[in-house]
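# Working through the structure, step by step
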Amino acid sequence: MMIGKRHLLGAILGFMAAMPALADDIGSLPATAGGHAHAKVVHAIRKDGALKVELRFVTDYASYSGETLYDGLDAGNADEMIWVEAGGRRYPLSRDTSGTPEAPAALELTFNYDPARNPRVGKWEGVFEAPPAGLDEAELVLPNVAGIGPFRIRDR
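Presented here is an overview of the structure given in this document. (Residues numbered from 1 in each chain as written. Predicted model: local features only at pLDDT ≥ 70, side-chain atom pairs only at ≥ 80, totals over all residues. Heavy atoms only, no water.)

## Re the environment of Arg95
In this structure, Arg95 sits in the loop between strand 5 (89–92) and strand 6 (107–109). Those residues within four positions of Arg95 in sequence are excluded, and the remaining contacts are Ala75, Ala78, Asp79, Thr100, Pro101 and Glu102. One polar contact links the side chain of Arg95 to the main-chain carbonyl oxygen of Ala75, over a distance of 3.3 Å. Here Asp79 takes part through its side chain, which lies 2.7 Å from a polar atom of the side chain of Arg95. (Helix = DSSP H or I, 4+ residues; strand = E, 2+ residues; numbered from the N terminus. Contact = heavy atoms within 4.5 Å. Polar contact = N/O pair within 3.5 Å; in protein donor to acceptor, adjacent residues only side chain to side chain.)

Structure (structure tokens):
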């Protein structure tokens, strides 16, 4: 079957439009302290009084050596290290039944020698006390990362 030039061009442009625009907009994402990795909000879901935020860290820097963003998160320092802000108020990390904050105790990004192939260098998830319904945008404060947000909160 022969495809005309116009149809081929349309197919190529359609394919390119469907591809994630990560390489084009990575510089607009909040950067880490090292300056070569960036945080992207994957989702922020509010459900049953909790807000679950998931981040993906990406780089476009060849031979990115990784970095530690924080280490030693515990019940004593969590409220001063990580929080969500919405409507002018801070919302802390939730705690499990033993009082442990619902986020990783450390966040280390990994080495990446070929970001053109796969730009991911890490991921992070945290669960917070949820802002009330009606507050649909928030910002995340995470050590050694520029302010993350505003991002949209979705309800489930």
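Let us keep going from here.
## Observations regarding the environment of Ala39
Its location among the elements puts Ala39 in strand 1 (residues 38–47). We classify Ala39 as buried; its relative accessible area is 1%. Measuring from C-alpha to C-alpha, the distance between Ala39 and Ala146 comes to 8.7 Å, with 107 residues separating the pair along the chain. (Buried < 20%, exposed > 50% of the residue type's maximum accessible area, 1.4 Å probe, protein only.)

## Examining the environment of Pro132
Along the chain, Pro132 falls in the loop between strand 7 (120–129) and strand 8 (137–141). Note: C-alpha distance between Pro132 and Ala86 (46 residues apart in sequence) is 9.2 Å. Apart from the residues within four sequence positions on either side, Pro132 is in contact with Arg46 and Tyr91.

## Some thoughts on the packing of aromatic side chains
Summed over the entire model, instances satisfying the criterion amount to two aromatic pairs. Centroid distance Trp124 to Phe128: 6.3 Å. Interplanar angle 45 degrees. Geometry classified as tilted. Geometry around Trp83 places Arg90 over its ring, the cationic atom sitting 3.5 Å from the centre. (Phe/Tyr/Trp six-rings, centres within 6.5 Å; stacked < 30°, edge-to-face > 60°. Lys NZ or Arg CZ within 6 Å of the ring centre and 35° of its normal.)

## Description of the sheet that holds strand 4 (residues 83–86)
Reading across from one edge, 5-4-8-9 is the order of the four strands in this open sheet, with antiparallel pairing throughout. Each end of this open sheet is capped by a strand with a single partner; those strands are strand 5 and strand 9 (148–152). Taking the axes of each pair of neighbouring strands and ignoring which way they run, one obtains an average angle of 30 degrees across the sheet. Both strand 4 and strand 8 contribute to a ladder of three bridges, which runs antiparallel. By the bridge assignment for strand 8, Trp83 is matched with Val141. (Pairing = 2+ DSSP bridges. Axes fitted to C-alpha atoms, helices over the stretch in contact; angles between N-to-C directions.)

## With respect to the pairing of strand 4
Examined bridge by bridge, strand 4 and strand 5 share four bridges and lie antiparallel to one another. Residue Val84 lies in a different strand from strand 5, and its bridge partner there is Tyr91. Counted between consecutive antiparallel strands, the loop separating strand 4 from strand 5 contains two residues, among which Gly87 sits at a positive phi close to 60 degrees.

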